[in-house]
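# Chains, contacts and geometry: an overview
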Amino acid sequence: MNLAYRYTRDRILHLLFIFLTSLVVLPLLVIFGFIVWNGLSSINLDFFTQELGSPARAVQGLPTGLVAAVLGTVIIDLLGLALALPFGLATGIMLAEYSDNPLAGPIRILVSTLNGMPAILMGLMAYALIVKNTGGFSGISGAFALGFLMIPIIARTTESVLRITPWQLREVAMSLGLPRWRAIMNIVLPAARPAVITGVLIAFARAAGEAAPMLLTAFGNNYLNLDLTKPMDTLPQRLYSLAISPYKQWHILGWGGAIILLLFVVVTFAAARGAARSLEKRTEALKFDEDKNV
Amino acid sequence: MEVEGGHMDLKRISFIYRGPGDRLFNILIVILSSSILLLALGMAVSLYWESRPAFEAFGLFNFVLETSWDPIAQLHGALPFIMGTLITSLFALALAILPAIAAAIYVTEYAPKWVATIVNYLIDLLAAVPSVVVGLWAIFNFAPVLRENILMPIFLWAEQNASWLLPIIGPNGPSVYNITSATIILALMIVPYTVALARDAIGLVPKEQVEAAWALGATKWEVIKLAILPYAAPGIYTGALLSLARALGETMAVAMLIGNSNRLPFSLFGPAATMPSVIINEFREAVENLHLSSIMAVGFYLFVITIGINLFATFVQQKLFKERAR
């Protein structure tokens, strides 16, 4: 084991690490490249204004588009967010600000656990609770499924964001005589607002990409439908249906849908990254002393 | 507190903190956050409730052991799907773990800062790509290319030279959609989680320990091997376990790639089915109540398996972090 051998081994392992890392990263670039290359041609005005209709429409070359899926995704996702937001935010506040509460321990473990649970189970639950009791597949049941999915995500991001806001903010607020709840709602939350919002955006983007729960609840609809009590179309579920269909024209439309979905996810993701970084910078400036006993 | 009337003041202050506003807020927060408990409970109860007819017909445990799934004969057993799920998930984890640990080491120890930032960004982005988009790419590009260029030559070679391999890879030749391509894509889907969790585990290694190894004259790799990996190992293992739970529940990409055959025995180049894939593929076509309830029962067992693994791994992980984060 002389030094030359040890250095050579180091260099070989360094190359091996680079190689293995590229195995993780390169497929992403291939996926992006392939989807943009294939899908760009199908993105035009019709794509955003026309309904899908029957396969014959696409085969005959008549104008078709995914307006139903795009609108459906936005509506169902927003509704799901509205359902999840109070519960998710409250859970995040509970875990970050009231960690002395006896319920905090079990809730924290369940939040992580539910974050790792398959989304399809949320779909099955929404089917059992909503679809079965309201008599059919509907947009609203899809919103519930996405709401279930978003609660633990919002809870976790809110908790971690509140934890990195400086503890001094609370001390200062309380020293000025504010009750604890006012300190949280009027001082801590506003200070963390951009990061809380991006956490919510992450949940929103994650839900927007979930096909499995949508297949079991909102079901899909080839025609534009804005009645929440009837089956509605969503983008990820439509992508699946297009991909397994036998029609070439529908495949191309699917590539276009994938571009829209990816674009949405990437933009949200970049915004979230940026906001997290700016919050870190701001809180760093607020940390006047390295008082670590908090 | 030496101030005169300090007691009075303290009482007044604590009165403010226990005022009606605080109490109300506290109650509100506790009620709203209990939704998490309700969510977990609701999932268990509603799935079990919907699967009761299947459990009554086949038995809670016999349902797991029954090997055939035949909706027309009204015979339903979950074993093929449990097998399919376990095979694909375990192989996917095996494929993902080495590159994942390597990538985590590379970005934390080797890469210059700007490279690490880009690689971290891309890996986190990969985690954010919807499963159905990966599936779309895989069925039109990855799976056919893999079959033509790798699986087919292997099969032809095995047919000539290694007939003992045929029962494992399938005697009929590679089908378009098969276990192997689904497993590789599944590995791709879980690898960003494994990397992120391994990265966190490595981040908890005390600086002093690393510096001590440097001071003893260790080379870079020796520092990693002697000071970093042993300390980070428990965290990496629990991260792998959490990734496994992800793999078990990964739905769309696998459902699009695995070929949907519930006939045992499975072979590596042949089609199969997993628990999530059978739910997606049969749920919308199920007309018989028993069929629907059997699909729900598969979902119930998927719930039991994933919540078991997740609870265990989360528990261990939180204990580790509490012990080590200073």
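Note that the structure is predicted; figures quoted are calculated from it, not measured. (Residues numbered from 1 in each chain as written. Chains lettered and ligands numbered in written order. Predicted model: local features only at pLDDT ≥ 70, side-chain atom pairs only at ≥ 80, totals over all residues.)

### Here's the deal with the overall build of chain A
Secondary structure assignment for chain A yields 12 helices and zero strands. Of all intrachain contacts in chain A linking residues separated by at least 6 positions in sequence, the fraction that spans at least 24 positions is 73%. (Helix = DSSP H or I, 4+ residues; strand = E, 2+ residues; numbered from the N terminus. Contact = placed C-beta atoms within 7 Å.)

### Focus on the nonpolar core
The biggest cluster of nonpolar side chains holds 184 residues, and the ones touching the most others in it are Ile-185 and Leu-257 of chain B. Among all residues touching Leu-257 of chain B, those that are not within four sequence positions of it are Gly-135, Ala-138, Ile-139, Ala-143, Tyr-177, Ser-181, Ala-182 and Ile-185 of chain B. (Core = buried A, V, L, I, M, F, W, Y, C linked by C-beta atoms within 7 Å. Buried ≥ 20, exposed ≤ 12 C-beta atoms within 10 Å, placed from the backbone.)

### Considerations on the packing of helix H1 (residues 3-39) of chain A against helix H6 (residues 113-128) of chain B
Between H1 of chain A and H6 of chain B, the least distance of the axes is 9 Å, while the angle of their chain directions is 55°. Classified by the interaxial angle, the pair formed by H1 of chain A and H6 of chain B is oblique. In the crossing of H1 of chain A with H6 of chain B, the sense of the turn from one axis to the other is left-handed. In this structure, H1 of chain A contributes Thr-21, Val-24, Val-25 and Leu-28 of chain A to the contact, and H6 of chain B contributes Val-119, Leu-122, Ile-123, Leu-125 and Leu-126 of chain B. Partitioned by chemical class, the residues of the contact of H1 of chain A with H6 of chain B number eight nonpolar, one polar and no charged. (Axes fitted to C-alpha atoms, helices over the stretch in contact; angles between N-to-C directions. Parallel < 35°, antiparallel > 145°, perpendicular 65-115°, else oblique. Left-handed = near helix turned anticlockwise from the far one by under 90°. Nonpolar A, V, L, I, M, F, W, Y, C, P; charged D, E, K, R; others polar.)

### Description of the domain arrangement of chain A
Accessible area lost upon the coming together of the parts serves often as the stated size of an interface. All names here are of chain A. On domain assignment, one finds that chain A holds domain 1 (3-42) and domain 2 (46-286). Between domain 1 and domain 2, the C-alpha centre-to-centre distance is 31 Å. Of the residues lining the interface, seven residues belong to domain 1; the matching set on domain 2 comes to eight residues. Residues belonging to the side of domain 1 that touches domain 2 are distributed by class as follows: three nonpolar, four polar and no charged. (Domains from an automatic or database assignment.)

### Section: the interface of chain B and chain A
The interface is formed by 76 residues belonging to chain B together with 70 residues belonging to chain A. Here the side of chain B that touches chain A is composed, by residue class, of 54 nonpolar, 17 polar and five charged.

### Some words on the packing of helix H7 (residues 139-164) of chain A against helix H3 (residues 35-58) of chain B
Their axes nearest at 11 Å, the elements H7 of chain A and H3 of chain B cross at an angle of 140°. As the angle between them shows, H7 of chain A and H3 of chain B are arranged oblique. Like other packed secondary-structure pairs, H7 of chain A and H3 of chain B cross with a definite hand, here left-handed. Side by side, H7 of chain A and H3 of chain B meet where Phe-148, Ile-151, Pro-152 and Ala-155 of chain A of the first sit next to Ser-35, Ile-36 and Leu-39 of chain B of the second.

### Some details on helix H2 (residues 20-33) of chain B
Here H2 of chain B spans 20 Å end to end across 14 residues, near enough to the 20 Å set by a 1.5 Å rise per residue. Restricting attention to buried positions, one finds in H2 of chain B the residues Phe-25, Ile-29 and Ser-33 of chain B. Buried residues of H2 of chain B, seen end-on, are gathered within an arc of 50° and therefore sit on one face of the element. In H2 of chain B, the exposed residues that point more than 90 degrees away from the buried face are Pro-20, Leu-24, Ile-27 and Ile-31 of chain B. Buried residues along H2 of chain B sit against helix H4 (67-97), helix H5 (104-115) and helix H9 (180-208) of chain A together with H3 of chain B. (Expected span 1.5 Å × (residues − 1). Arc of directions from axis to C-beta.)

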